[in-house]
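Coordinate analysis (summary)
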Amino acid sequence: QHAEIVVPIGHDLIIWANGPGWSVQDAKIEVIKIDTTLFTRHENKTDTTGKCVFKHIPPGRYQINIIHPKFERWSQARTIKKNVPPGRVSANLIPR
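Residues numbered from 1 in each chain as written. Predicted model: local features only at pLDDT ≥ 70, side-chain atom pairs only at ≥ 80, totals over all residues. Heavy atoms only, no water.

This part is about the environment of D26. For D26, the location among the structural elements is in the loop between β2 (22–23) and β3 (28–33). By relative accessible area, D26 is classed as partly exposed at 44%. A C-alpha to C-alpha distance of 9.0 Å links D26 and N44, two positions 18 residues apart in sequence. Apart from residues lying up to four places away in sequence, D26 is in contact with K45, T46, D47 and H68. (Helix = DSSP H or I, 4+ residues; strand = E, 2+ residues; numbered from the N terminus. Buried < 20%, exposed > 50% of the residue type's maximum accessible area, 1.4 Å probe, protein only. Contact = heavy atoms within 4.5 Å.)

In structure tokens form, the structure reads like this:
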């Protein structure tokens, strides 16, 4: 018998959204691959702790956007390298 093993490509990208002194729940997170002619967009929302995890993000250059109606939009470019975990992104959001 043969067993098939699926090994995901890429790394987990962890994003934290914080307000002044608290975590920001339900912020929309966009992770957009910007180093190709065909943009790839990943979207998710933060949980009650302000955390959002994107699974198996392949290497490349990305634009990360955090959007919440009570805060100013936050954006940052980030490069994810092959065989190097991207770690975490911590964003301090500014109230409107």
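That shown, we press on.
Our next topic: the nonpolar core. In summary, soluble globular proteins display a tendency toward joint burial of nonpolar side chains. Ranked by internal contacts, the top residues of the largest apolar core, which has 19 residues, are L13, I15, V31, F54, I66 and L93. Put simply, the parts of the chain that give this core at least two residues each are β1 (11–19), β3, β5 (51–57), β6 (60–67), β7 (74–80) and β8 (88–92). Each residue touching I15, except ones within four places of it in the same chain, is listed here: I29, V31, G50, K51, C52, F54, I64, I66 and V89. (Core = buried A, V, L, I, M, F, W, Y, C linked by side-chain atoms within 4.5 Å.)

Our focus in this paragraph is the sheet that holds β3. The strand order across the open sheet built from four strands is β4-β3-β6-β7, with neighbouring strands paired in antiparallel fashion. The sheet is open, and its two edges are formed by β4 (40–45) and β7, each paired on a single side. Each adjacent strand pair in this sheet contributes to an overall mean axis angle of 20°, direction not counted. Alignment of β3 against β4, held across six bridges, turns out to be antiparallel. By the bridge assignment, K33 is partnered in β4 with T40. (Pairing = 2+ DSSP bridges. Axes fitted to C-alpha atoms, helices over the stretch in contact; angles between N-to-C directions.)

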